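# Observations on the model geometry
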Amino acid sequence: MIRVISFIDWYWPGYRAGGVLKAFSNQVSHLEGHFYFYIITRNVDYQHEEPYDNVISNQWNKVAPNAEVFYLSADKINYGTLKQLVNQTDYEVAYIHGVYSPYFSILPIHLVRRKGAKKIVLSAHGMLGRHALAVKSAKKTTFLKLFRALGYYRNVVFHAANQAEADDIRQAMGQNARVVIAEELPMKVNTNAWEPRPKKPGELKICSIARISPEKNTAYAIECLNKCRSGQITYDLYGPVYDKEYWEKCTQLITHAPENVTINYKGSLQGDKVLDTLKQYHAMFLPTTGENFGHTILESFMAATPVLISQNTPWRNLQQMQCGWDLPLEQQNEFVRVLENLAGMDQSAYDAWSEGALQKAVHFLSDNTIVDQNVKLLMP
């Protein structure tokens, strides 16, 4: 079995870091039998200071048949500790998550290169996408230019989740960058048979499960709802507040919601509760500015919950499959129209979209080629 050392800022049992954590956790589950992972991460969740209460810090914890995790406390996150872990761990491949983290993305490349890793793979998780680089663009552009000039990423293989992300990586890192496409893997669960959920005409319960941030376009979603004039609509927001100033903008917009629209902030949601939570809603509304994959979108399909999203994700042509709507952000009134139409749907009309969402998940989950792509990605 191939041994892989991996670095990631946050890992299970954390859940607040969202897609990056979820993508890697799913990957570890699916690659059992192919790879054994030694994962180095923090002993706290994203935006939290209290250590996890169900792991032992600063030593290896067996968390899966093919994975051990070393949970570093804050005082141990330094060059000396990481160098010691790298040098004392036997591995063939290094797998690094993220781009900008000093101790979990940047320093590990230097350390595993010195140790003589047979292969170094970096998964940018959308951080090199056009939409992501537009946020704090000057700082990110300066960083990338400097590290490219230094040759820091020589012989590093970049993991892209799809062709669009591969194009973005080459745009950011140079056309000669080594990029391998391997689609992200879903949560390893069995989908249940479709079951109807109550839907009355004139009522709509929708949600968003994502961090509150400009990239997720939370304010845009609220603006759309503020234009809805028909139907009693409830919109529940789940996820950590990524940007306090942006959240203040969102809360101001919420105060202007019409009488027929109720918007609630529900806080962060544990990963193992996402599917059951999605089953309580008629649709997920996430007009994101961009996703390299969108795990919550797939989980919504798995919950038989159609989605209303932007066209800036790999999930396209949803209307044709009757599992959701992917719309251009430039056409805000189209989002409003779909929301009002959703609110007006009766049970029979809604059931067709709910069943379509589940069928979309079943079709995606039955594609075994995605596991093969991920095996090739990490093979030395």
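Residues numbered from 1 in each chain as written. Predicted model: local features only at pLDDT ≥ 70, side-chain atom pairs only at ≥ 80, totals over all residues. Heavy atoms only, no water.

## Here we look at the environment of L31
- Tracing the chain through its elements places L31 in the loop between α1 (19–30) and β2 (35–42).
- Given a relative accessible area of 0%, L31 falls into the buried group.
- In the structure, L31 is positioned 189 residues away from Y220 in sequence and 38 Å away in space, judged by C-alpha atoms.
- Apart from residues no more than four positions distant in its own chain, L31 is found in contact with F37, N66, V371, N374, V375 and L378. (Helix = DSSP H or I, 4+ residues; strand = E, 2+ residues; numbered from the N terminus. Buried < 20%, exposed > 50% of the residue type's maximum accessible area, 1.4 Å probe, protein only. Contact = heavy atoms within 4.5 Å.)

## Quick word on empty space enclosed by the protein
- Per the counting criterion, the structure on display carries two cavities of 30 Å³ or more.
- By volume, the largest cavity is sized at about 60 Å³.
- Taken together, A23, F24, Q27, Y95, S123, H125, H159, E184, L185 and N374 make up the full set of residues lining the largest cavity.
- At three residues, the largest contribution of residues to the lining of the largest cavity is made by α1. (1 Å grid on protein atoms, 1.4 Å probe; cavity = no way out; pocket = protein on both sides within 12 Å on 5 of 7 lines; lining within 4 Å. Points joined across faces, edges and corners; volume = space filled by probe spheres on them.)

## As for helix α12 (residues 347–365)
- If you check α12, its first and last C-alpha atoms are 27 Å apart, about what 19 residues at 1.5 Å a residue would give, namely 27 Å.
- Regarding α12, the residues found buried are Y350, D351, W353, S354, G356, A357, L358, K360, A361 and F364.
- At its buried positions, α12 is contacted by α10 (295–302), β14 (324–327), α11 (332–344) and α13 (369–378). (Expected span 1.5 Å × (residues − 1).)

## Some words on the side chain of N66
- Note on placement: N66 falls in the loop between β3 (60–64) and β4 (67–72).
- A relative accessible area of 2% places N66 in the buried class.
- Polar contacts involving the side chain of N66 include one to the main-chain carbonyl oxygen of F35, which spans 3.3 Å.
- If we ignore the near neighbours within four places in the chain, the residues touching N66 are V28, L31, E32, F35, Y36 and F37. (Polar contact = N/O pair within 3.5 Å; in protein donor to acceptor, adjacent residues only side chain to side chain.)

## Observations regarding α10
- Taking burial as the measure, the eight residues of α10 include eight buried ones, the bulk of the element.
- Those residues of α10 that sit buried are H295, T296, I297, L298, E299, S300, F301 and M302.
- In the core, the buried residues of α10 are packed alongside α1, β9 (203–209), α9 (274–278), β12 (283–286), β13 (307–310) and α12.
- Following α10 by one or two positions, A304 adopts a phi angle in the positive range, close to 60°.

## Some points on the pairing of strand β8 (residues 178–181)
- When strand β7 (residues 156–160) meets β8, the two strands line up parallel, connected through four bridges. Bridge assignment links A160 to a residue of β8, and that residue is I181.
- Handedness of the β-α-β unit built from β7, helix α6 (residues 163–173) and β8 comes out right-handed. (Pairing = 2+ DSSP bridges. Right-handed = clockwise from strand over helix to strand, strands pointing away.)

## Comments concerning the sheet that holds strand β5 (residues 93–97)
- The strand order across the open sheet built from eight strands is β3-β4-β2-β1-β5-β6-β7-β8, with neighbouring strands paired in mixed fashion. Each end of this open sheet is capped by a strand with a single partner; those strands are β3 and β8. When strand polarity is set aside, the average angle formed by the axes of neighbouring strands in this sheet is 25°.
- The pairing of β5 with strand β6 (residues 119–123) spans five bridges and is classified as parallel. (Axes fitted to C-alpha atoms, helices over the stretch in contact; angles between N-to-C directions.)

## Brief notes about the packing of α10 against α12
- Where α10 contacts α12, the two axes come as close as 6 Å, and the packing angle between them is 115°. Packed against α10, whose contacting residues are L298, F301 and M302, the element α12 presents A357, L358, K360, A361, F364 and L365 at the interface.
- A class-by-class count of the residues in the contact of α10 with α12 yields eight nonpolar, no polar and one charged. (Nonpolar A, V, L, I, M, F, W, Y, C, P; charged D, E, K, R; others polar.)

## Structural notes on the nonpolar core
- Core analysis: the biggest nonpolar cluster contains 51 residues, and F37, I39, F301, W315 and L378 have the highest contact counts within it.
- Here this core takes five residues from α13, the largest share from any one element.
- Apart from residues no more than four positions distant in its own chain, L378 is found in contact with L31, F35, F37, V93, Y95, K119 and V121.
- Ranked by size, the runner-up nonpolar core spans 39 residues in total, among them F7, L72, L107 and V179. (Core = buried A, V, L, I, M, F, W, Y, C linked by side-chain atoms within 4.5 Å.)

## Description of the sheet that holds strand β10 (residues 232–238)
- Pairing within the open sheet is parallel, and its six strands lie in the order β11-β10-β9-β12-β13-β14. Every other strand in the sheet has two partners, leaving β11 (261–265) and β14 as the edge strands with one partner each. In this sheet, neighbouring strand axes are inclined to one another by 20° on average, regardless of whether the strands run parallel or antiparallel.
- Inspection of the sheet shows β10 paired to β11 by five bridges, in the parallel sense. Bridged to I233 within β11 is V261.
- Seen against the sheet, α10 touches β9, β12 and β13 and runs at an angle of roughly 160° to β13.

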